[in-house]
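Next come the chains, spelled out residue by residue.
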Amino acid sequence: MPELRRKLIDTARRMAASGLNTGTAGNLSVRADAPGENGAGNGFLITPSGMDYALLQPEDIVFMRLDGTYTGQRKPSSEWRFHRDLYAARPEAGAVLHAHSPFATSLACLRRDIPAFHYMIARFGGDSLRCAHYATFGTQALSDAALVAMAGRRACLLANHGMLVFGHDLDQALALGSELETLCEQYWRACQLGAPVLLDAAEMATVLEKFGRYGQQA
């Protein structure tokens, strides 16, 4: 687990370096086993509350079980609930990323879903990216709203807040977070010139089927 803690810190710092986050905003987690329970996948490591990623040490990372209890010398991120609930509800989730990136947050403050203006929307599992209903940060109500918005998806926007995304590991979660921010920027820019032309349901179904065979898959 020490190596996984270091990987989590490195990825959190890469989030900041890529512009997805500034200061202590956002949070990151990775599915993990409790000590002595290899293969159980019964918990996760998460960044601590209110600490600069640049200053994090492995011992600052918090281990949480899916029942919400935690061990460590720091308090977990205030948003631990939607991390916990995603791991419980989505077995394919190996890492969860939450960021306050500029373009995703701008669209979230408009409470807009992102429609099929670009075929890469399918990268996240559907023909749109939903914006979750607003709820106060750190609450169970926010987690509940996020899970509804992420049904059948790997990402969503959080109204007046930011983005939420998961991947099968830390590298994929970061890559998807960066891709989502790029799509948000492209959609924002296209909207400055008018209403983007949307791809129809049939084309998005074709794209989703092709994505099932995309990349270096067996």
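Being a predicted model, the structure only gives us computed values, none of them experimental. All residue numbers refer to positions counted from 1 along the written sequence of the respective chain. Side-chain atom pairs in this predicted model are given and counted only at pLDDT of 80 or more, local residue features only at pLDDT of at least 70, and totals for whole chains, interfaces and linings cover all residues. Side-chain numbers here rest on the full set of heavy atoms in the structure, without hydrogens or water.

Caption draft 1: Representation of the nonpolar core within the structure. To qualify as a nonpolar core, a set must consist of buried Ala, Val, Leu, Ile, Met, Phe, Trp, Tyr and Cys residues joined through side-chain atoms within 4.5 Å. To sort residues, take the accessible area from a 1.4 Å probe on protein chains only and compare it with the maximum for the residue type: under 20% means buried, over 50% means exposed, and anything in between is partly exposed. Residues Leu97, Ile114, Phe124, Leu157, Met163 and Cys184 are the most contacted members of the largest nonpolar core, which totals 46 residues. For this core, the element with the most residues is helix α5 (residues 170-193), which contributes 8 residues. Residue contacts follow a heavy-atom distance rule, with two residues in contact if any of their heavy atoms lie within 4.5 Å. Not counting the four nearest positions on each side in its chain, Leu97 is found in contact with Met15, Leu20, Asn27, Leu28, Met163, Leu164, Val165, Ala173 and Leu174. Core analysis: the second largest hydrophobic core is formed by 21 residues, Phe44, Ala135, Leu142 and Ala149 among them. A run of H or I in DSSP becomes a helix once it reaches four residues, and a run of E becomes a strand once it reaches two; helices and strands are each numbered from the N terminus.

Caption draft 2: The state of the cysteines, seen in detail. Cysteine sulfur atoms are paired as a disulfide whenever they come within 2.5 Å of each other. The tally for this structure, following the rule as stated, stands at 0 disulfides. Cysteine Cys109 shares no disulfide, and the gap to the nearest cysteine sulfur, in Cys131, comes to 8.9 Å. Cysteine Cys156 shares no disulfide, and the gap to the nearest cysteine sulfur, in Cys131, comes to 7.6 Å.

Caption draft 3: A look at the sheet that holds strand β7 (residues 155-158). Two strands are said to pair when DSSP picks up at least two bridges between them. Taken together, 8 strands build an open sheet; the order of strands is β4-β3-β2-β1-β5-β8-β7-β6 and the sheet is mixed. Among the strands making up the open sheet, the edge pair consists of β4 (70-71) and β6 (131-132). Pairing between strand β1 (residues 27-32) and strand β5 (residues 95-99): 4 bridges, direction antiparallel. Within β5, the position partnered with Asn27 by the bridge is His98. Angular values range over 0 to 180 degrees, each being the angle between N-to-C directions of two axes fitted as lines to C-alpha atoms, with helices fitted over their stretch in contact. Along the sheet face, α5 touches β1, β5, β7 and β8 (162-167) and points at about 140° away from the line of β8.

No statement about biological role is implied by the geometric values presented.
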